[in-house]
Structures are given as structure tokens and as C-alpha cells.
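Structural characterization, general
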Amino acid sequence: MYWYFALVGLVALERLAELVVARRNLAWSLARGGVVSGRGHYPPMVVLHVGLLAACVLEVGLTDRPFVPALGWTMVALTVAAQALRWWCITALGPHWNTQVVVVPGSPLIRRGPYRLSWLRHPNYVAVAVEGAALPLVHGAWITALAFTTLNAALMVVRIRCESAALSAATA
């Protein structure tokens, strides 16, 4: 069980690294006239993501969920794949990537990395969804996986609409 807590801790450290990158990229965007949109949904998104990590630890610790190797190792692989996809997105978007919706007017749409794949419209959000289901299921935290997946789906509807509107306004 403690190795699982360490895995969740590593994901938390990864999230902190994302915030460092996002802060740097926000400064870059704002210096170029970037416009931040969707401030209303951002705090609930932060709470949801912090809650995911806390709930993983709490559910496994309080319920003494067993590690089921066939499920657990598959979910570890999916968690790692989600991290790889997320960092591919971050690398492809470069200074345009952020945890907030920030659009620099006049910037072209990014068409490299996973964003060149027309069948994968929101690769970063796919990474979030996969991680949100897989990380809890590594150690059988199915309540956390179900709750995060449901709440994240609702939040992604709002987020994607916000992002689409911001991009449309910037290119109009």
C-alpha cells in the first residue's frame, strides 16, 4: 500500500511541476497580450484535481483496498501513458500551454505533436480523464475513480466550451 502512496506522491510532484510551467507560460502569454478566460471554472478544477490525489490515499488507506495485480499493473501502465501524453501536449504547445484558458491574440493554432492528430481533439483532456480513472484503480479505489470521472466529465463540458469560445474570439 505504501508504494501506492508514493505513486500518488509522484503524481502530485508532477502536478506541481505543471504549475511551475503554467506560471512561467502565463507570464509569457500576458506579456504578449494574452487573455485569460474561464476564471469561474478554474477554482473547482483545482479542487477536483487536488481532491483526486487526496481521495486516492484516503480511500485506499481507510478501506484497506487490496492490490489486484491484473487490474493494478494495467492501471499503472495507463497512468504512465497519461503522464507521457500530458507532457507531449505541454511540449507541443510550448509557452501556449497553461492550466488556465489563456489565448494570445493573433497566435496560430498549434498543429504539432498530438495536436496534429485530427481524430484526437483534446489530447490533454484525454490524458486527464485516463489518469483520473487509472490512478485510483491502481489500488482498487473505485469510488474515487467513479466520482472523479463523473465530476471531471461535467467540468470538461464547461472547460471545452470556454476554450472553444476563447479561441473563436481570438481568431475572429
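Quick summary incoming for the structure in this document. Note that the structure is a prediction, hence the values are computed from the model and not measured.

Let us look at the overall build of the chain. For the chain, the helix and strand inventory stands at 5 helices and 2 strands. Moving toward the C terminus, one meets the helices and strands of the chain in the order α-β-α-α-β-α-α. For 172 residues, the compact-globule formula gives about 16 Å, and the C-alpha radius of gyration of the chain, at 17 Å, lands near that figure. Overall, the C-alpha framework of the chain stretches about 55 × 30 × 25 Å when taken along its three principal axes. At a minimum sequence separation of 6, the contacts of the chain that also span at least 24 residues come to 85%.

Attention now moves to the pattern of salt bridges. Within this structure, the stated rule accounts for 7 salt bridges. Salt bridges sharing partners connect three or more residues here, namely Glu14, Arg15, Glu18, Arg86 and Glu131.

Moving on, we come to the packing of helix H1 (residues 2-31) against helix H3 (residues 69-93). Look at H1 against H3: their axes get within 12 Å of each other, and the N-to-C directions meet at 10°. If you check the angle between H1 and H3, you find them roughly parallel. Residue-level inspection shows Trp3, Leu7, Val11, Glu14, Arg15, Ala17, Glu18 and Val21 of H1 in contact with H3, the latter providing Val76, Thr79, Gln83, Arg86, Trp87 and Ile90. Tallied by class, residues from the contact of H1 with H3 come to 8 nonpolar, 2 polar and 4 charged.

With 25 residues, H3 extends 36 Å from end C-alpha to end C-alpha; this agrees with the ideal 36 Å at 1.5 Å per step. Of the residues making up H3, those classed as buried are Gly72, Met75, Val76, Thr79, Ala82, Gln83, Leu85, Arg86, Cys89, Ile90, Ala92 and Leu93. On the buried face of H3, the contacting elements are H1 and helix H4 (123-137). Once H3 ends, the next one or two residues include Gly94, with phi positive near 55°.

The subject of this paragraph is unusual backbone geometry. The phi dihedral of Asp64 falls on the positive side, at around 55°, and the residue is not glycine. Within the secondary structure, Asp64 is located in the loop between helix H2 (42-63) and H3. Judged by its relative accessible area of 54%, Asp64 is exposed.

Let us now look at the layout of surface pockets. There is about 920 Å³ of room inside the largest pocket. Those elements giving two or more residues to the lining of the largest pocket turn out to be strand E2 (101-103), H4 and helix H5 (142-171). Broken down by element, the lining of the largest pocket gets its largest block of residues, 7 residues, from H5. By volume, the second largest pocket is sized at about 380 Å³. Taken together, 20 residues make up the lining of the second largest pocket; nearest its centre are Arg15, Glu18, Leu19, His49 and Thr99. The set of elements that each furnish at least two residues to the lining of the second largest pocket consists of H1, H2, H4 and H5. With 6 residues, the single largest contributor to the lining of the second largest pocket is H2. For the lining of the second largest pocket, the class distribution of residues is 12 nonpolar, 4 polar and 4 charged.

It is worth spelling out the packing of H4 against H5 at this point. At a minimum axis separation of 8 Å, H4 and H5 run at an interaxial angle of 170°. By the angle between their axes, H4 is roughly antiparallel relative to H5. Of H5, the residues touching H4 (which contributes Tyr125, Val128, Ala129, Gly132, Ala133, Pro136 and Leu137) are Trp142, Thr144, Ala145, Phe148, Thr149, Asn152, Met156, Arg159, Ile160 and Glu163. Counted by class, the contact of H4 with H5 contains 11 nonpolar, 4 polar and 2 charged residues.

A few words now on the nonpolar core. Within the largest apolar cluster, 22 residues are counted, with the highest numbers of intra-cluster contacts made by Tyr4, Leu7, Val8, Cys56, Leu135 and Val138. Going through the elements one at a time, H1, H2, H3, H4 and H5 are the ones with two or more residues in this core. With residues near it in sequence (within four places) discarded, Val8 still touches Leu53, Cys56, Val57 and Leu135. Grouped together as the second largest cluster of nonpolar side chains are 11 residues, Ile90, Trp97, Tyr115 and Ala127 included.

Rules used throughout
- Along each chain, residue indices are assigned from 1 in the same order as the chain's sequence is written.
- With the structure being a predicted model, the display of local features is reserved for residues of pLDDT at least 70 and the display and counting of side-chain atom pairs for 80 or more, all residues being used for whole-chain, interface and lining totals.
- Hydrogens and water are ignored here; the side-chain numbers use all heavy atoms of the structure.
- The way it works is that DSSP assigns letters per residue, a run of H or I at least four long becomes a helix, a run of E at least two long becomes a strand, and they are numbered from the N terminus.
- Radius of gyration: C-alpha atoms only; globule rule: 2.2 Å multiplied by the number of residues to the exponent 0.38.
- Throughout, a residue-residue contact means that at least one pair of heavy atoms, one from each residue, lies within 4.5 Å.
- Between Lys or Arg on one side and Asp or Glu on the other, a salt bridge is scored when a side-chain nitrogen of the former is within 4 Å of a carboxyl oxygen of the latter.
- To obtain each axis, a line is fitted to C-alpha atoms, and for helices this fit is confined to the stretch in contact; angles are then taken between N-to-C directions over 0 to 180 degrees.
- Our angle categories are set so that under 35 degrees counts as roughly parallel, over 145 as roughly antiparallel, 65 to 115 as roughly perpendicular, and the remainder as oblique.
- Note on residue classes: Ala, Val, Leu, Ile, Met, Phe, Trp, Tyr, Cys and Pro are nonpolar, Asp, Glu, Lys and Arg are charged, and everything else, Gly too, is polar.
- Take the residue count of a helix, subtract one, and multiply by 1.5 Å to get its expected span.
- Exposure classes here rest on a 1.4 Å probe applied to the protein chains alone. A residue is buried below 20% of its type maximum, exposed above 50%, and partly exposed in between.
- Of the grid points, spaced at 1 Å and generated over the protein atoms alone, those admitting a 1.4 Å probe that cannot get out make up cavities, while open sets with protein on both sides within 12 Å along at least five of seven lines make up pockets; any residue with an atom within 4 Å of a point is treated as lining.
- Grid points are joined across faces, edges and corners, and a volume is the space filled by probe spheres set on the points.
- As used here, the term nonpolar core means buried Ala, Val, Leu, Ile, Met, Phe, Trp, Tyr and Cys residues forming a set that is joined through side-chain atoms within 4.5 Å.

Geometry only, nothing functional implied.
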